[in-house]
Every structure is written in structure tokens, then in C-alpha cells.
Amino acid sequence: MLNVVIFGPPGSGKGTQSENIIKKYNLAHISTGDLLRAEISGHTQLGTIAKSFIDKGELVPDETIIGMIDNKIESLANTNGVIFDGFPRTEAQAAALDQLLAEYKTGVSVMVNLEVPKEELIERLLKRGETSGRSDDNLETIEKRISVYETQTKPVIDFYKKKKVYQSIQGVGSVEEIFESISAAIDSAK
Ligand code: B4P
């Protein structure tokens, strides 16, 4: 199986690039952000919990996220592989993903880190906020999300560096240019 983790700060283009990766490599897609937003629009209990964290720009607790992934992963056993988009976002989530994949005798093939400067992230997310209707695309919440990324999510990079599956990608440029660099990184891992 080809399992790709697409990683980076909020607004770095994880969702945007995932769409291209899925098509080219025929992978299943797990976006924790999309799954959480679906729970919120479905007014589920999980959605109510998630909304209270997302609106503040905070991470949804690990046990909620890991439970959600655990429920989803079973259906993926017969796929070519999976792109994990926006997950893992903490070291505990990274360790849990390893354990879950080990049950299927597989692991993370490559972790792609999209590097984008803070000013550009803020600009992109404010622009998206004009039309997205997302409660977390406003300046105060964006700044909080970026600081949460720096303290809680960035350490995940070392987790994958140690496993020798880490690839750093310049995340500024056209969507096509960035996708070319990502494709080269994925191809080198196949
Ligand atoms: P996510 O939905 O994962 O949101 P994101 O980090 O904002 O988005 P992404 O990086 O995918 O940006 P996009 O491609 O859309 O998470 C939302 C929230 O859910 C989190 O803050 C957290 O609270 C919670 N959550 C999710 N997963 C969690 C987890 N595992 N654990 C705990 N909590 C979790 O790009 C952004 C914008 O940039 C778009 O408008 C796009 O058009 C534009 N763009 C993309 N590429 C560009 C380029 N090359 N040039 C110019 N603009 C570009």
C-alpha cells in the first residue's frame, strides 16, 4: 500500500494538493478536517464537541480524532493506499496511526511537509474566509491555529524524520508546480 501523510500549517494547501494526489495515485482520502465538518453539519454529538474546539482554533482532543480514524480505517484495507490529510496533528496521533496501520501490515510510505511562510498562510486563509463560511477563517482564529501548529503539531516532523520517510516541499508557487514536487517525493517512496 502507498500511504501518504500530507502535512503543513493551516492554509498550506493540504486539502488543495490532496485532490490532485488522489486522482494521480488512485488513493483513498481521509481528511480529519472534512470528517469533523461533516459531523458538525450533521449535528452529531461528536460534531458538537469538535465545534467547540474548532471555533477557538484549538485541536480536537486526540481520543476523539483517533476514534474517528479507527472507525474509518477498516474500510480501507482493500484500497491501493490512503492519503491522510490534516492527520496526524500531534505526536500521540502519529503513534496511533502507526499502530493502526501495523494491524494491516503496512505503514506510512512518505510524509510530505508543505513549507509556507506565516504571512502567506494568513493571506490565503483570510481570502478563503471571504467565501468559505468557515467559523475558523478569521484573523484571531487563524493566528491561534498557527500558534497551535507551532507548539503541538510541528514536533510530528521529527517523528517522521526518525522513520526516514520525511520530505520537505516548498509550498509557495502555483498549485501545479507544487504538485510536481509532491509527485517526485511520492514517486521516490514507491
Ligand atoms: P483542516 O480542515 O485540516 O484545515 P486547514 O489546515 O485550514 O487546511 P489546508 O492546509 O488543507 O488548506 P487548503 O488546502 O484548504 O482543519 C481545520 C480544523 O479542524 C483545525 O484547525 C482543527 O481544529 C481541526 N482538526 C482537523 N484535523 C485535526 C486533527 N487531526 N487533530 C485535531 N484537530 C483537528 O488551503 C487554504 C487556502 O489556500 C485555500 O483557499 C486554497 O485555495 C489556497 N491555496 C492552496 N494552495 C495555494 C497556492 N499554491 N497558492 C495560493 N493559494 C493556495
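Since the model is a prediction, treat every value here as computed from it, not as a measurement.

A. Representation of the site of the ligand. The ligand sits among 26 residues. The nearest are Gly-13, Gly-15, Thr-32, Gly-33 and Gly-86. Elements supplying a minimum of two residues to the shell around the ligand: helix 1 (14–25), helix 2 (32–41), helix 3 (45–54), helix 6 (118–132) and helix 9 (175–189). Per-class residue counts for the shell around the ligand are 10 nonpolar, 10 polar and six charged.

B. Seen up close, the environment of Ile-169. Along the chain, Ile-169 turns up in strand 5 (residues 166–170). Apart from residues lying up to four places away in sequence, Ile-169 is in contact with Val-112, Asn-113, Leu-114, Glu-115, Ile-178, Ser-181, Ile-182 and Ala-185.

C. A look at the sheet that holds strand 5. The strand order across the open sheet built from five strands is 2-3-1-4-5, with neighbouring strands paired in parallel fashion. Each edge of the open sheet is held by one strand with a lone partner, namely strand 2 (28–31) and strand 5. Across this sheet, the average inter-strand angle for adjacent strands is 20°, counted without regard to direction. Bridge count between strand 1 (residues 4–7) and strand 4 (residues 110–115): four bridges; the pairing is parallel. Directly across from Val-4, in strand 4, lies its bridge partner Val-110.

The rules we used
- Position numbers for residues start from 1 in each chain and track the written sequence from start to end.
- In keeping with the model being predicted, local features are shown solely for residues with a pLDDT of at least 70 and side-chain atom pairs are shown and tallied solely at 80 or more, while totals for entire chains, interfaces and linings include all residues.
- What makes a residue near a molecule or strand is its C-beta atom, placed from the backbone, lying within 6 Å of it.
- Under the scheme used here, helices are H or I runs from DSSP no shorter than 4 residues and strands are E runs no shorter than 2 residues, and both carry numbers assigned from the N terminus.
- Residues are grouped as follows: nonpolar covers Ala, Val, Leu, Ile, Met, Phe, Trp, Tyr, Cys and Pro; charged covers Asp, Glu, Lys and Arg; every other residue, Gly included, is treated as polar.
- Here, residue contact means that the backbone-derived C-beta atoms of the two residues sit within 7 Å.
- Here the rule is simple: two strands pair whenever DSSP picks up at least two bridges between them.
- Every angle, taken between N-to-C directions, lies between 0 and 180 degrees, and every axis is a line fitted to C-alpha atoms, over only the stretch in contact when it is a helix.

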